[in-house]
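# Residue-level structure breakdown
What follows is each chain in one-letter form.
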Amino acid sequence: MKTARIVNKKTICKPFLIALAIWIITPPITVWAHKVIVFAWTEGDTVYTESKFSGGKRVNSGIIKVYAPDGRKLIEGRTNAAGEYSFTIPQKTDLKIVLDAGMGHRGEWTLMRDEIEGTSDLDTKQALVEKIAENRRDETLLPVPATGCADIKAGIEKALDKKLKPLIRRLNRIEHQNDGPALTDILGGLGYILGLIGIAAYVHSRRRGK
Amino acid sequence: MHISEGILSAQVLISGGVLTAAGTAIGLKKLDYDRIAQVGMLSAAFFVASLIHVNIGPSSVHLILNGIVGLLLGWAAFPALLVALTLQSVFFQFGGITVLGVNTVIMALPSVVCYYLFGPLLHQKTAVAITGAFACGFTAVFLSSILLGVSLVFTEQNFWAVSSLVILAHIPVMMIEGIITAFCVAFLKKVQPELLPGFFK
């Protein structure tokens, strides 16, 4: 049987150049893992992380490494059976959390500085205590309203923290629940493959026409 | 089975890219026009198969189907898997663009090897053919696991530890793929034997 080859120099070069152009134009997407997802949130002075594979399975004893912005390693630990790992905030900068789930699986999550600063209980408490002390020194005449005000503020913050914690946790969960491929992605990919078959057939028919 | 971005060293990435380019060139050169649609269909099957997760064993693994793809396509497995892996990395964030070469070699090279190892068995008696097909599906994943270990050797400390872990994790997948490949071949032998390799020889 004589086989019709669809490939010669010309037909190879053109699609290659087009593909190259597309590759250059497309913005760099941060693409990771087959995939493992790690995400993190803060509660008080603790950072909680959760790691899972794209099938929804939790990463058991994956290695979590926490890096400072300058690339120093701050903390290293392993996730438990539920894919969770938590640590106290080592310093108030951006933290890069890297998950190594073995066998070439790697995930990354960056915890922003304002996320960390916004939730630190310790600091606000410290500041409040200092403020109260200051107020006492300065306004010996009117100590009651000043301390009262600070107390109320601290109380509200504490209560809010407590009430919001489960909410934040749930938001985080919901946000990362649907990380698997959506139906549109799947159909899109299949469409591309069909399209490529079409292009190949078209190129071939043109060549045969000539 | 997909290696993530940011793990491998440049040398490994580049050699993976070169091997993939060579394999794809050979694949395209050997590809005959009448089989374009078949290549596309198998590429699509591979593309979707990785969404089927097998949650047995220590890690989360998914079907690969590189055995049946190789058996039916031979060298054309390279372009077929390259296309599917590219789309997977863009749409699903499996693997990544820079590791595309390495990932393609990991999955497509065993396909080609299996094509030469088990292709000739398919036109024997049914029992032999089906056993061969099972072995094909099984071996393809096994070889892929070894290649995965090899490509991680330069970054992870221990080749044997990594490889045995990968192989262990993929044993269920090997079994399932062997069965799937056997069924496919049994079906094709009955319904459309001209799709099997070497039919015209």
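Residues numbered from 1 in each chain as written. Chains lettered and ligands numbered in written order. Predicted model: local features only at pLDDT ≥ 70, side-chain atom pairs only at ≥ 80, totals over all residues.

Ranked by size, the top nonpolar core spans 68 residues in total, and within it B:V69, B:A77, B:A80 and B:L81 carry the most contacts. Mapped by element, the contributors of at least two residues to this core are α5 (183–209) of chain A together with α2 (36–49), α3 (66–73), α4 (77–91), α5 (100–118), α6 (126–152) and α7 (159–191) of chain B. No other element matches the 12 residues that α6(B) contributes to this core. (Core = buried A, V, L, I, M, F, W, Y, C linked by C-beta atoms within 7 Å. Buried ≥ 20, exposed ≤ 12 C-beta atoms within 10 Å, placed from the backbone. Helix = DSSP H or I, 4+ residues; strand = E, 2+ residues; numbered from the N terminus.)

Let's shift gears to the sheet that holds strand β2 (residues 46–53) of chain A. Residues and elements named next belong to chain A. Taking strand neighbours across the sheet as the criterion, the three strands line up as β1-β2-β5 in an open arrangement whose pairing is antiparallel. Since the sheet does not close on itself, it has two edges, and those belong to β1 (36–43) and β5 (84–88), each with one partner. For this sheet, the mean inter-axis angle between neighbouring strands, taken without regard to orientation, is 20°. In terms of strand pairing, β1 meets β2 through eight bridges, oriented antiparallel. (Pairing = 2+ DSSP bridges. Axes fitted to C-alpha atoms, helices over the stretch in contact; angles between N-to-C directions.)

So, about the confidence of the model for chain A. When pLDDT is averaged along chain A, the result is 72, and 64% of the positions lie at 70 or above. With pLDDT under 50 throughout, residues 25–33 of chain A is counted as low confidence; its partners more than four residues away or in other chains account for 16 contacts. (pLDDT = per-residue confidence, 0-100. Contact = placed C-beta atoms within 7 Å.)

With that out of the way, let us pick up the sheet that holds strand β6 (residues 95–102) of chain A. Pairing between the strands of a sheet is mediated by backbone hydrogen bonds and can be parallel or antiparallel. All names here are of chain A. With respect to topology, four strands assemble into an open sheet ordered β4-β3-β6-β7, the strand pairing being antiparallel. Edge strands, defined here as strands with exactly one partner in the open sheet, are β4 (73–78) and β7 (105–111). The sheet shows a mean angle of 15° between the axes of neighbouring strands, direction not considered. Note that strand β3 (residues 63–67) and β6 share five bridges and pair antiparallel. Bridge pairing in β6 links K65 to V98.

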